[in-house]
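Listed here are the chains, written in short residue letters.
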Amino acid sequence: VTEFILLGIAYVSHWKSLIFIVFLAVFLMTVIGNSVIILVVRLNISLHTPMYVLLTNLSFLELCYTSITIPNILSGIISQSGVISFSGCIVQVYLFTSCATTECILLAAMACDRYVAICRPLRYTAIINRMVCAFLVMFAWLSGVLNSTINTVVISKLNFCGLNSIERFYCEGQPLIRLSCSDTHLSDILATVSAAVFGVSCLIFILTSYLFILVAIMKMRSRSSRHKTFSTCTSHITVVILYFGALIFMYLLPTDGSSEKMDSAVSMIYSTVTPLLNPIIYSLRNHQVIGAVKNMMRFRCSLKSSHTCRGGHTA
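Quantities reported herein were computed from a predicted structural model and do not represent experimental measurements.

Rules behind the numbers
Residues numbered from 1 in each chain as written. Predicted model: local features only at pLDDT ≥ 70, side-chain atom pairs only at ≥ 80, totals over all residues. Heavy atoms only, no water. Phe/Tyr/Trp six-rings, centres within 6.5 Å; stacked < 30°, edge-to-face > 60°. Helix = DSSP H or I, 4+ residues; strand = E, 2+ residues; numbered from the N terminus. UniProt positions renumbered as here; feature names shortened; annotations may be inferred. Buried < 20%, exposed > 50% of the residue type's maximum accessible area, 1.4 Å probe, protein only. Pairing = 2+ DSSP bridges. Axes fitted to C-alpha atoms, helices over the stretch in contact; angles between N-to-C directions. Parallel < 35°, antiparallel > 145°, perpendicular 65-115°, else oblique. Left-handed = near helix turned anticlockwise from the far one by under 90°. Contact = heavy atoms within 4.5 Å. Nonpolar A, V, L, I, M, F, W, Y, C, P; charged D, E, K, R; others polar. Expected span 1.5 Å × (residues − 1). Polar contact = N/O pair within 3.5 Å; in protein donor to acceptor, adjacent residues only side chain to side chain. Salt bridge = Lys/Arg side-chain N within 4 Å of Asp/Glu carboxyl O. Core = buried A, V, L, I, M, F, W, Y, C linked by side-chain atoms within 4.5 Å.

Focus on the packing of aromatic side chains
Then step 1. Scanning the model with the defined rule gives 10 aromatic pairs in all.
Then step 2. Ring geometry for F96 versus Y170: centroids 4.8 Å apart, planes at 35 degrees, classification tilted. Here F96 is found in helix α4 (residues 86-119), whereas its partner Y170 is found in the loop between β3 (165-166) and α7 (173-179), with 74 residues between them in sequence.

Structure follows, in structure tokens:
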């Protein structure tokens, strides 16, 4: 096998124009939304805190997600072909696995940040300082690269001599392993270990953190204090539910033919929908981000006004 057919792209050929517009709109909105988040945090000194450093890395990760998948989908829709070369598929698996691993750890790091901020507020600056934050970010990205490298190298060594159709819009590790005609024992073990270490363990860590956070919030006497404190976590909770909910739904389903199309649809949630919704969720539920955006807009308007006034005065 020298190429694979992505059946997800082939299925939408009947609604080519509509699907192309939808994916293009999703891609543009995702790029703009996450770029705005990164720009706002970078330009506002008040947002140079561990929480927002982690948020900018998450936004950059979402840009990577969509850049890996959607451009290839758009190209396939235009050419009316879901064909992707073997090397192109392996590269996509490598990048996608790296991003998925990194996101799990970043979401866990953000849960840790919320736990310390709420349960250990007096020691927050001592525990979550710049060095610790930088370590968490570096650990997340390096873990993604390392895990992806190990899994992808093993997958690339498999023999593919039969079926070459993948029920996806893009290449993923598990569907590719199921197409192999050689022994996939090692690949299956690595995939299971990877899911356990970076998926299940991160989810358990997040749930445990929020259990302690919930206990701390319930101990607060003031109802307004409880509401205000919990509101700082709602954005992160929403993203965790969307991302891990899609992963759990997809990987707990039996791997028979009836679930393949459902897996393809669910996989689009954490690869395209979640990156699109992340900036919206964090913007609408975060007053600091909204305030920073408004200040940037006011500053830009004032610069334009002063420039117009100077130009009129010179004339």
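Some thoughts on the UniProt feature "transmembrane region" (unreviewed entry) in the protein chain
Then step 1. UniProt's entry tags residues 18-41, 53-78, 84-110, 189-217, 229-253 and 265-284 with the feature "transmembrane region" (unreviewed entry), counted in the numbering of this structure.
Then step 2. Helix makes up 100% of residues 18-41 and strand 0%, and the two end C-alpha atoms of the span are 35 Å apart.
Then step 3. Secondary structure over residues 84-110 splits into 93% helix and 7% strand, and the C-alpha atoms at its two ends are 36 Å apart.

Focus: the pairing of strand β1 (residues 3-6)
Then step 1. Only one face of β1 is covered, namely the one carrying F4 and L6; the face carrying E3 and I5 has none of its residues buried.
Then step 2. Sheet topology places β1 next to strand β2 (residues 83-85); three bridges connect them, and they run antiparallel. Along β2, the bridge assignment pairs F4 with I84.
Then step 3. As judged from the two bridges shared by β1 and β3, these two strands associate in the parallel manner. Within β3, the residue paired with I5 across the bridge is S165.

Remarks on the packing of helix α3 (residues 50-79) against helix α6 (residues 130-156)
Then step 1. For the pair α3 and α6, interaxial distance at closest approach is 10 Å and the crossing angle is 20 degrees. Considering the angle they form, α3 stands roughly parallel to α6. In terms of crossing hand, the pair formed by α3 and α6 is right-handed. Where α3 abuts α6, its residues P50, V53, L54, N57, F60 and L61 lie against C133, V137 and W141.
Then step 2. Classifying every residue of the contact of α3 with α6 by side-chain character gives eight nonpolar, one polar and no charged.

Concerning α6
Then step 1. The end-to-end C-alpha distance of α6 is 38 Å, a good match for the 39 Å that 27 residues give at a rise of 1.5 Å each.
Then step 2. Among all positions in α6, only C133, V137, A140, S143, G144, N147, S148, N151, T152, V154 and I155 are buried.
Then step 3. As for α6, its buried residues are in contact with α3, α4, α7 and α8 (185-218).
Then step 4. The opening residue of α6 is N129, an N-cap whose side-chain oxygen sits 3.2 Å from the backbone nitrogen of M131.

Considerations on the pattern of salt bridges
Then step 1. Counted under the stated rule, the structure contains two salt bridges.
Then step 2. The partner of D113 in a salt bridge is R114, with the nearest N and O atoms 2.8 Å apart. Across the pair, exposure class does not vary: D113 and R114 are buried alike.
Then step 3. E172 serves as the salt-bridge partner of R168, at 2.9 Å between the closest nitrogen and oxygen. Each member of the pair R168 and E172 is classed as buried.

Details of the sheet that holds β2
Backbone hydrogen bonds are what pair the strands of a sheet, in a parallel or an antiparallel way.
Then step 1. Ordered by their spatial adjacency, three strands build an open sheet running β2-β1-β3, and the pairing between neighbours is mixed. Only two strands of the sheet have a single partner each, and these edge strands are β2 and β3.
Then step 2. Packed onto the sheet, α4 meets β1, β2 and β3 and runs at close to 85 degrees relative to β2.

Let's talk about the nonpolar core
Then step 1. F23, L107, L176, Y243 and F244 are the most contacted members of the largest nonpolar core, which totals 73 residues.
Then step 2. Sort the elements by how many residues they give to this core and α4 lands first, with 16 residues.
Then step 3. Apart from residues lying up to four places away in sequence, F244 is in contact with C104, L107, G199, C202, L203 and I206.

Observations regarding the packing of helix α2 (residues 16-43) against α3
Then step 1. Axis separation between α2 and α3 bottoms out at 9 Å; the angle between their running directions is 160 degrees. Here α2 is positioned roughly antiparallel relative to α3, judged by the angle of their axes. As α2 packs across α3, the resulting crossing turns out to be left-handed.
Then step 2. Of the residues contributing to the contact of α2 with α3, the split by class is 20 nonpolar, seven polar and two charged.

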